[in-house]
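Residue-level structural notes
These are the residues of each chain, in order.
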Amino acid sequence: MEGVERQFERMVREHQNRVFALGLALTGNRHDAEEVAQDTFLRAYRALVTYPPSRIRDLKQKAWLHRIAVNVFRNRLRGIKPRLVELNGSESDHAPGPEARAMQRAQMDDLAVRVAGLPLRYREAVVLRHVQELSYAEVAQTLGQPVGTVKANVHRGLKLLRGDEDDRADD
Amino acid sequence: MIELTTDLKRLGDEKAPDGFVDRLLAQAGMADSYARFETVLGDVYVAWNRLGVSAAARSESAAAFEEFFKNDVGRPLVPAQPPADLAARIQDELSGKRRMRFDLRGLTDFEQAVLRKTYEIPRGEVRPYGWVAREIRHPAAVRAVGTALANNPIPYFIPCHRVVRTDGKIGNYGGGGPEAKRAILTMEGVRVNRLQELARAGVRYQGVRTTKIFCYPTCHTGRHALEKNVVWLRDEASAKAAGFRPCKVCRPAAA
């Protein structure tokens, strides 16, 4: 039991930024991103305590956490309405830093809002491929879609982000 | 194209907010949360986790409480917004209603037994250390009971102040010294001076002539006896010799 808790803590420390960034790109704001990240790790923990040690050892943590995070995110969409976008996130995590950092942060928030504005299937594909930098095969596995579909969705998502409306798929 | 994908990549480098890990561990039950509460005893810092309340202290500051928790419990501790009903539970608990759950993990079985037994002592009453020892079937471990109570991580709520010495001395108190112990007992309705006078006079028990039952002096079952029917008893042997049997509620002696 003690062992699982330590392993879990290590997993959280190692993957917290990655999972948070995934949440940020999918939801478009830091508050929801933290909730997605938190739910993801809590679910992971509940699963871990039921796994035998061998299964924990062989776990591909990164891919596993991505899969959980995408499911958490999809469940949220089904359950609750997305919040109105709060550009600067909550006060508590707003560490006052140098101006350059604040600007970078604002830019990233801006980009996150744009990404979160994409239709769902493009958004998931673009985020996993270009924000999380998974391979097409990994994205396909995470989303449970064929590689061809993923490639097409990434392509269209990027076009939309660039504001290139012409190539927009009909939906 | 290049710029957009570079930006997306940078988005992936965004960091989780400060304290994310601590908050998460608290939620998973691997760290405890704490907050300060205003109570009848003044400001009390209380720590809790998913199993219940894990520590309490009237610390000078948040930093002092964190230090106390680190030494006493040893798990990570995070300041947090308390659950909605915790403040009400705290007030209820301090006014004698039992609504709290406790997390005593990390204490030995013996320490846990001492604290659980102590929790049974009603508000407004006191018991000797020897009573706790006897009740948990370690009748010789009176000093160990004292040590376990001195290390009680949840004073006020687990009422170690209700365990007193039989010689009339108030006894030391981890929750703020003998003065604090006296003040809390007085607030709970214990007549501390009277209790000390009885103890100094060598009286341990109160017997009631009409029922032939003897109790600890603060036991609520003996409270309504008429003055003329009360007899003061020095020890178990003389009580039994005079035909008294021990009270089944406060259990002043093995029945």
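Residues numbered from 1 in each chain as written. Chains lettered and ligands numbered in written order. Predicted model: local features only at pLDDT ≥ 70, side-chain atom pairs only at ≥ 80, totals over all residues.

Contact with chain B, which involves 21 residues of that partner, is made by 29 residues of chain A. Elements with a contribution of two residues or more to the side of chain B that touches chain A: α1 (2-11) and α2 (20-27) of chain B. With 7 residues, the single largest contributor to the side of chain B that touches chain A is α1(B). Class assignment of the residues belonging to the side of chain B that touches chain A gives a composition of 11 nonpolar, 3 polar and 7 charged. (Contact = placed C-beta atoms within 7 Å. Helix = DSSP H or I, 4+ residues; strand = E, 2+ residues; numbered from the N terminus. Nonpolar A, V, L, I, M, F, W, Y, C, P; charged D, E, K, R; others polar.)

All names here are of chain B. Listing the buried residues of helix α8 (residues 177-187) in full gives Lys181, Ile184 and Leu185. Viewed along the axis of α8, the buried residues span an arc of 100°, placing them on a single side of the element. Exposed residues lying more than 90 degrees from the buried face of α8 are Glu179 and Thr186. Gly189 lies just past α8 and shows a positive phi near 100°. (Buried ≥ 20, exposed ≤ 12 C-beta atoms within 10 Å, placed from the backbone. Arc of directions from axis to C-beta.)

This part covers the environment of Leu8(B). Considering the arrangement of structural elements, one finds Leu8(B) in helix α1. Sequence-distant contacts of Leu8(B), defined by excluding residues within four places in its chain, comprise His130(A) and Val131(A).

Moving on, we come to the confidence of the model for chain B. Residues and elements named next belong to chain B. The pLDDT averaged across chain B works out to 91; a share of 98% of its residues lies at or above 70. For chain B, α2 is the element with the lowest average pLDDT, namely 87, and helix α5 (residues 109-119) is the one with the highest, namely 97. Interface predicted TM-score (ipTM) for the complex: 0.79; the corresponding pTM is 0.68. (pLDDT = per-residue confidence, 0-100.)

For the rest of this paragraph, the subject is the sheet that holds strand β4 (residues 77-79) of chain B. Residues and elements named next belong to chain B. Ordered by their spatial adjacency, 4 strands build an open sheet running β3-β2-β1-β4, and the pairing between neighbours is mixed. If you trace the sheet from one side to the other, it starts and ends with β3 (52-57) and β4, each paired once. On average, adjacent strands in this sheet sit at an angle of 35° to one another, irrespective of strand direction. Of the strand pairs in this sheet, strand β1 (residues 32-39) and β4 are connected by 3 bridges, and their pairing is parallel. The residue of β4 that forms the bridge with Tyr34 is Pro79. The strands touched by helix α3 (residues 62-72) within the sheet are β1, β2 (42-49), β3 and β4, with β3 carrying the most contacts at an inclination of about 120°. (Pairing = 2+ DSSP bridges. Axes fitted to C-alpha atoms, helices over the stretch in contact; angles between N-to-C directions.)

Let's shift gears to the sheet that holds strand β7 (residues 205-208) of chain B. Strand pairing in a sheet takes place through backbone hydrogen bonds and is either antiparallel or parallel in direction. Strand order in the open sheet formed by 4 strands is β9-β7-β8-β10 (chain B), and the pairing between neighbours is mixed. Sheet topology places β9 (230-233) and β10 (245-246) of chain B at the edges, where each strand pairs with a single neighbour.

Residue and element names in this part refer to chain A. Here helix α4 (residues 61-79) crosses helix α7 (residues 136-143) at 45°, and the two axes come no closer than 9 Å. Comparing their axes, α7 and α4 come out oblique. Regarding α4 and α7, the two cross each other, and that crossing is right-handed. Contacts from Ala63, His66, Arg67 and Val70 of α4 reach α7 at Glu138, Gln141, Thr142 and Leu143. Split into classes, the residues belonging to the contact of α4 with α7 amount to 3 nonpolar, 3 polar and 2 charged. (Parallel < 35°, antiparallel > 145°, perpendicular 65-115°, else oblique. Left-handed = near helix turned anticlockwise from the far one by under 90°.)

Membership of the largest hydrophobic core comes to 89 residues, with the highest contact counts inside it found for Ala25(A), Ala69(A), Leu11(B), Val46(B) and Ala56(B). When residues of this core are assigned to their parent elements, the largest contribution, 10 residues, is made by helix α1 (residues 2-27) of chain A. Dropping the residues within four chain positions of it, Ala69(A) is found in contact with Val19(A), Leu22(A), Gly23(A), Val36(A) and Thr40(A). Listed in part, the 11 residues of the second largest apolar core include Tyr205(B), Phe214(B), Tyr216(B) and Cys250(B). (Core = buried A, V, L, I, M, F, W, Y, C linked by C-beta atoms within 7 Å.)

All names here are of chain B. The backbone of Arg137 shows a phi angle near 65°, a positive value even though the residue is not glycine. You can see Arg137 is positioned in the loop between α6 (129-135) and α7 (142-150). Positive phi, normally seen in glycine, also occurs at Lys212, with a value near 60°. Here Lys212 is to be found in the loop between β7 and β8 (213-215).

Quick look at the confidence of the model for chain A now. All names here are of chain A. On average, chain A scores 85 in pLDDT, and the residues at 70 or more come to 84%. Taken element by element, chain A is modelled with least confidence in helix α5 (residues 99-116), mean pLDDT 88, and with most confidence in helix α8 (residues 147-161), mean pLDDT 96. For residues 82-94, every residue scores under 50 in pLDDT, and the model assigns this stretch 21 contacts once sequence neighbours within four places are set aside. Below pLDDT 50 for its whole length, residues 167-171 participates in 5 contacts with residues either more than four positions away or in separate chains.

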